[in-house]
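Topology and contacts: notes
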Amino acid sequence: MPSLDDPLLIYSDLDGTLLDIHTYDWQPALGWLEKLRDNQIPVILCSSKTAAEMLEIQSDLGLDGLPFIAENGAVIQLDVRWNDHPDAPRLITGAAHTDIVNVINQLRDREGYKFTTFDDVDERVIGEWTGLNRERAALAKLHEASVTLIWRDSDERMAAFDDALAGLGLKFVQGARFWHVLDERGGKDQAINWLNEQYLQREGALPTTLGLGDGPNDAPLLDSVDYAVVVKGINRQGVALKNDDPARVYHTHQPGPAGWREGLDHFFSS
């Protein structure tokens with residue numbers, strides 16, 4: 001079992017995990033966030049959100065300056081102390097947002113796929129979709145290396161779209177609410193492995209890793225860590241892991257930040 005006395009990294013999804021899927025409340029997790037901060041254990045946020053959104057959320061949660069993983073791993077923000085790193089302050093993996101927009105718009109025009117991207121609407125509509133205020137909804141549009149969309153076509157058409165993207169070096173990822181298109185070289189697992197390597201190089205040893213997530217797009221995150229918490233989520237498909245050994249993986253009974261707290265209680269309070 002992991003210990004708060006040992007070198008440790010916490011990788012956490014946001015919506016539906018550390019944040020309530022409907023209200024974005026995180027107060028049930030506050031006690032553990034403070035305890036981890038007191039123990040100098042980094043909480044590395046790992047989400048489909050944009051970097052602009054995540055900088056604001058980091059500030060809300062008292063996690064300023066720590067690394068984070070944005071846009072499902074296509075964007076990696078480095079630790080503020082790593083200003084000597086050649087990729088500081090932020091690493092972009094693979095194709096840029098504008099290039100991906102051009103590709104999927106061409107596919108939509110040619111094949112008639114039905115979907116609506118965040119680029120197709122203004123922040124007022126995004127606020128209606130997400131419950132975010134106008135300011136945060138505007139930040140949600142600032143993609144750097146992915147596209148977020150609502151799929152409005154059949155499952156069969158989705159499979160064809162997925163295949164078309166794969167042939168172009170892109171992948172289609174399902175989140176808690178939306179779908180995301182990013183370069184196949186990005187991903188939460190690749191981003192975690194890259195950050196782990198940075199910690200190994202800088203500290204001489206790889207810390208124990210624990211991850212928390214609730215959606216299908218969190219499976220790569222949870223498969224890439226030593227210990228995993230599957231927070232009870234709203235997605236009917238659940239989270240399918242390669243290694244669901246109960247010694248490594250805990251499934252919570254509560255959703256959102258209460259489940260986040262439950263998962264850390266399980267691994268550290270026994």
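Procedures and definitions
- Residues numbered from 1 in each chain as written.
- Predicted model: local features only at pLDDT ≥ 70, side-chain atom pairs only at ≥ 80, totals over all residues.
- Heavy atoms only, no water.
- Pairing = 2+ DSSP bridges.
- Helix = DSSP H or I, 4+ residues; strand = E, 2+ residues; numbered from the N terminus.
- Axes fitted to C-alpha atoms, helices over the stretch in contact; angles between N-to-C directions.
- Contact = heavy atoms within 4.5 Å.
- Buried < 20%, exposed > 50% of the residue type's maximum accessible area, 1.4 Å probe, protein only.
- Parallel < 35°, antiparallel > 145°, perpendicular 65-115°, else oblique.
- Nonpolar A, V, L, I, M, F, W, Y, C, P; charged D, E, K, R; others polar.
- Expected span 1.5 Å × (residues − 1).
- Arc of directions from axis to C-beta.

As annotated in an unreviewed UniProt entry, the protein carries the name Mannosyl-3-phosphoglycerate phosphatase-related protein and is attributed to Leclercia barmai.

Considering the sheet that holds strand 8 (residues 170–174)
On the basis of which strands lie adjacent, the open sheet formed by four strands has the order 6-7-9-8 and antiparallel pairing. Each end of this open sheet is capped by a strand with a single partner; those strands are strand 6 (115–117) and strand 8. Ignoring strand direction, the axes of neighbouring strands in this sheet form an average angle of 30°. Across three bridges, strand 6 lies against strand 7 (residues 146–151) in antiparallel orientation. Bridging across to strand 7, F115 finds its partner in W151. Set on the sheet, helix 3 (residues 97–111) makes contact with strand 6, strand 7, strand 8 and strand 9 (179–183); between it and strand 7 the angle comes to about 35°. The strands touched by helix 6 (residues 155–167) are strand 6, strand 7, strand 8 and strand 9; relative to strand 8, the strand with the most contacts, the crossing angle is about 140°.

Some remarks on the side chain of D15
Within the secondary structure, D15 sits in the loop between strand 1 (8–12) and helix 1 (30–38). Classification of D15 as buried rests on a relative accessible area of 15%. Discounting residues that sit within four places of it in the chain, D15 has contacts with I21, Y24, K49, A176, R177 and D214.

Examining the packing of helix 1 against helix 9 (residues 256–268)
Running from amino to carboxyl end, helix 1 crosses helix 9 at an angle of 50°, the nearest separation of the two axes being 9 Å. Compared by their axis directions, helix 1 and helix 9 come out oblique. From helix 1, W32, L33 and L36 reach across to helix 9, where they touch W260, R261, L264, D265 and F268. Partitioned by chemical class, the residues of the contact of helix 1 with helix 9 number six nonpolar, no polar and two charged.

Topic: helix 6
Taking 1.5 Å per residue as the helical rise, helix 6 with its 13 residues ought to reach 18 Å, and the 19 Å between its terminal C-alpha atoms agrees with that figure. All buried positions along helix 6 are accounted for by M158, F161 and L165. Angularly, the buried residues of helix 6 cover 60° about the axis, an arc narrow enough to put them on a single face. Residues E156, D163 and G167 are exposed on helix 6 and point more than 90 degrees away from its buried face. Here the buried face of helix 6 lies against helix 3, strand 6, strand 7, strand 8 and strand 9. Positive backbone phi, at 80°, marks G169, one or two positions downstream of helix 6.

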